[in-house]
Structures are given as structure tokens and as C-alpha cells.
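Residue-level structure breakdown
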Amino acid sequence: MPAPEPAAPTAATRPQRILLLGATGTIGSATARLLSQKGFHLVCLLRPRPGTTGRTPLEQELNSLAGTTLLYGELSDAEFLSNGALKNETFDAVISCMASRTGSPKDAWRVDYQANKLALQFAQAAGVRQFVLLSAICVQKPLLTFQKAKLAFEETLMQSGLVYSIVRPTAFFKSLSGQLERVKSGKPFLLFGDGTLTACKPISDDDLADYLVGCLTEASRHHRILPIGGPGPAITPLQQGEYLFHLLGKKPQFKRVPLGLMDFIIAVLDLAGKILPRLADKAELARIGRYYATESMLVWDAQAKRYDADKTPNHGSQTLFGAYEAWLKGEKLPERGDHAVF
Ligand SMILES: NC(=O)c1ccc[n+]([C@@H]2O[C@H](COP(=O)([O-])OP(=O)(O)OC[C@H]3O[C@@H](n4cnc5c(N)ncnc54)[C@H](OP(=O)(O)O)[C@@H]3O)[C@@H](O)[C@H]2O)c1
């Protein structure tokens, strides 16, 4: 039974104290900055990094944000929960931007499902009433293990009785920045098929953070699954490539990668993975790559059996093409993580 819808928030009732998970990630760190700017008190629960000395530059930055406390610990550690710094802590809301960094099947179930479930159990025991989850739009067509793990947690959250918002964004800028350097250095832009098989409405880290933080107070985002894209129309990989060449003042140059090549690689890795489990993980990563080469990051219209850009809501003001311009002018390219395809 879902919790009753809260009254419209006022300055006095809006959530004040937030537990943020995944604050060292791309979207988590943008969310931490915004929460701090908006005057929330936040506790970032970070996983311990045994054997390291001192804080990373990002941890130092998080630690310096106004109203922010960093805690190191694992929700799976009963001792940490009962006797550690989280003992007797309570929060108005949890925001989880925590997700597997590798996307391998085992890690996806361990993080996207299990670790989030432990966070939910902590929230329930500590009397937290609201949970905002960063998920992904691709779970609407779940073919990959990490999508199934995310969906399983979404289901658990919906049954929890907490006020929930499940945010399913389209592609992040970092996932669409991998070819800048190769194009800049004179290489062709790589396309699957003709480059129009898929489309997405890229959303910037800051715009997505704004949407997530808005879930704390916007009652219309409560008890909802919320697909969300960035501003402007949907764009294809071909359009991304064309715009990059236009910015560089170069003649467009594309190299087409046949999907059959990916299928062949997946089949070989699947076979080899039966002997070496490490290669089974690589096969899953190749499947993830194939999925994004063939499926759009837009709302899927199950009746019409097609992706629908018009049904994919827009949020924010920062565009991917604006970011391309900034990056080409020398702004730092985003970190792309472990499972970037190219
Ligand atoms: N990339 C895209 O285009 C895209 C599009 C739509 C949705 N999404 C989804 O958005 C979500 C977040 O993406 P992101 O790029 O911000 O993620 P990210 O940069 O990879 O960050 C993941 C965060 O989760 C934490 N984490 C990972 N394993 C953990 C564990 N075992 N225990 C505790 N914390 C753990 C990481 O902490 P450490 O720093 O300690 O590793 C990090 O803070 C993912 O669910 C992704 O599927 C991505």
C-alpha cells in the first residue's frame, strides 16, 4: 500500500537532510553540488577504499561543499549500521545514484539490486519517508542483466510504502563524447549501420541533478516512474558526427561498423566464457554495446512498437551540441567510466 501523498511542501516541510548514495559518480557528484547550493544538509555515504591514503580530489571537493558530511562505510556491514556513524542517524530522504561501475552481471545484482535494497531497508528502519532512485530509460526493454537487476529494485521500491520517484533518464553526455578525440585527430566517426538506427535526447549531468533534486519537493513526481531527456529534439549518432565535423570545419568522414561484427564477437566471447568466466563478463559488455547500437534511449511505445521522441519528456537547458563546442574549445572532457563502447 503506497504511503499517502504528502501535502505540497513549504519551506518548513521540505526535506532538509538527505542521505546521498553514489556521490562519487557522475550524476551523484552533480547532485551533491546542487543539494549543497540549495541549502540541504547532506550525508554522502562512500564505500571505504582500503589501502589508500587520503581523499581523492573529488572526495575533497565533496567534503568542502557547504552542509555536507562524508561517511565511509557499507550498508551491508551490520556493525557499521549498529555501531558506526550511521547509528541513530535519520534522514528526510535518500537519493540513490549508486550503480555498478562495470555492468557485469554479478556486480549489477550486487550493486543495482542488493546494495540499493540494503539502503531501502536502512531507510525503512530509520523512518526515512522518501526515496529518489536514479535508474535508466533502457529498463523499459530489459534484455541485459543490469537492466533486470535495476527493474527488480524498482519493483521492491514501489512496494516499500515510501514516497518514491524512479527517474529513468536517456543518454548522458559522457556516453556521447567518446569520439571527440578520434575525430579531432583526423579519424572517421564510427557508426553502427547508417547512423540512424537509434536516437536519444541527451541530458547533462547538471540538468539531471536538477530533476532528481526536484523530486524531493515536486509532488507530481511522487509515486511515479519518470522517463526524462534533455532539451531539444532527439538526435541520432549520424547527426552527432555531422555536428562535430561542422564544428571542426572538416569534411564529414564516417566509418560504418556492421552489426554482424558485434554479433560475431558476442558469439565468440559467449563460447569462450563457458571456459573462462572473465570472458563471459566481456560478452555481457559486448551485449551492452550492441543494445545501445540498436535501441533508442527514448520512451518505447509498446502499442505502436516504436520509440517515440514526443513521448519522452524534456528537462533542462544544456545541450549536447553546446557541450561539444565547449569541449572543442578546451574544456575538460568528461570521465567515461569502465564500459564505454567508443
Ligand atoms: N551513461 C548513461 O548514458 C546513462 C543513461 C541513463 C541512465 N544511466 C544510469 O545512471 C546511473 C548512474 O550513472 P553514473 O554514470 O552517474 O554512475 P557512475 O559514474 O559509474 O557512478 C556510480 C556510483 O555508484 C557507486 N558504487 C558503485 N559500486 C558500489 C558499491 N559496491 N557500493 C557502494 N557504491 C558503489 C560508485 O562509487 P565508487 O566511486 O566508490 O566506485 C559511484 O559513486 C546508472 O544506474 C546508469 O545505468 C546511465
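All values derive from a computational prediction rather than experimental measurement. (Residues numbered from 1 in each chain as written. Predicted model: local features only at pLDDT ≥ 70, side-chain atom pairs only at ≥ 80, totals over all residues. Heavy atoms only, no water.)

1. What about the site of the ligand?
- Taken together, 22 residues are adjacent to the ligand, and Thr24, Arg47, Arg101, Lys150 and Lys174 come closest.
- Here an oxygen atom of the ligand and a side-chain polar atom of Arg101 are 2.6 Å apart.
- Contact with the protein chains covers 84% of the free accessible surface of the ligand, which is 930 Å².
- Listing elements by their share of the shell around the ligand, those giving two or more residues are helix H1 (26-37) and helix H4 (105-125).
- Its residues assigned to classes, the shell around the ligand shows 10 nonpolar, seven polar and five charged. (Near = heavy atom within 4 Å. Polar contact = N/O pair within 3.5 Å; in protein donor to acceptor, adjacent residues only side chain to side chain. Areas by Shrake-Rupley, 256 points an atom, 1.4 Å probe, with all protein chains shown as cover. Helix = DSSP H or I, 4+ residues; strand = E, 2+ residues; numbered from the N terminus. Nonpolar A, V, L, I, M, F, W, Y, C, P; charged D, E, K, R; others polar.)

2. Details of the pairing of strand S1 (residues 17-21)
- Burial runs high along S1: four of the five residues are buried.
- Strand direction decides the pairing type here: S1 and strand S2 (residues 41-46), joined by five bridges, are parallel. Note that in S2 the partner of Leu21 across the bridge is Leu45.
- In this fold, the crossover linking S1 to S2 by way of H1 has right-handed handedness. (Buried < 20%, exposed > 50% of the residue type's maximum accessible area, 1.4 Å probe, protein only. Pairing = 2+ DSSP bridges. Right-handed = clockwise from strand over helix to strand, strands pointing away.)

3. Some points on the sheet that holds strand S8 (residues 224-228)
- Reading across the sheet, the seven strands line up as S3-S2-S1-S4-S5-S6-S8 and stay open at both edges, with parallel pairing between neighbours. Sheet topology places strand S3 (68-72) and S8 at the edges, where each strand pairs with a single neighbour. Taken over all neighbouring pairs, the strand axes of this sheet differ in orientation by 20 degrees on average, direction set aside.
- Where helix H2 (residues 57-64) meets the sheet, its contacts fall on S2 and S3, and the angle it forms with S3 comes to roughly 135 degrees.
- Those strands touched by helix H5 (residues 145-158) are strand S5 (130-134), strand S6 (163-169) and S8, and its axis lies near 155 degrees from that of S6. (Axes fitted to C-alpha atoms, helices over the stretch in contact; angles between N-to-C directions. Contact = heavy atoms within 4.5 Å.)

4. Points about the nonpolar core
- If you look at the biggest cluster of nonpolar residues, it comprises 57 residues, and the most contacted ones within it are Leu19, Leu21, Leu45, Leu86, Phe131 and Leu157.
- Counting residues per element, this core draws most heavily on H4, which supplies eight residues.
- The contact partners of Leu45, leaving out residues within four places of it in the chain, are Leu19, Leu20, Leu21, Gly22, Leu71, Tyr72, Gly73, Leu75, Phe80 and Leu86.
- With 32 residues, the next largest nonpolar core counts Ile18, Leu65, Leu70 and Val213 among its residues. (Core = buried A, V, L, I, M, F, W, Y, C linked by side-chain atoms within 4.5 Å.)

5. Observations concerning unusual backbone geometry
- In this structure, Asn88 takes a positive phi of about 65 degrees despite not being glycine.
- Of note in this structure, His223 is not a glycine but carries a positive phi near 55 degrees.
- Within the secondary structure, His223 sits in the loop between helix H7 (205-214) and S8.
- For His223, a relative accessible area of 19% gives the class buried.

6. Let's talk about the packing of aromatic side chains
- Scanning the entire structure with this criterion turns up 10 aromatic pairs.
- Ring plane angle 80 degrees and centroid distance 5.7 Å describe the contact between Phe245 and Phe254, whose orientation is recorded as edge-to-face.
- Ring centres of Tyr291 and Tyr292 lie 5.6 Å apart, and the angle between their planes is 80 degrees; this geometry places the pair in the edge-to-face category.
- Among the aromatic residues, ring-to-ring pairing joins Tyr243, Phe321, Tyr324 and Trp327 into one connected group.
- A cation over an aromatic ring shows up here: Arg221 above the ring of Tyr211, its NZ or CZ 4.0 Å from the ring centre. (Phe/Tyr/Trp six-rings, centres within 6.5 Å; stacked < 30°, edge-to-face > 60°. Lys NZ or Arg CZ within 6 Å of the ring centre and 35° of its normal.)

That's the geometry; what it means functionally is another story.
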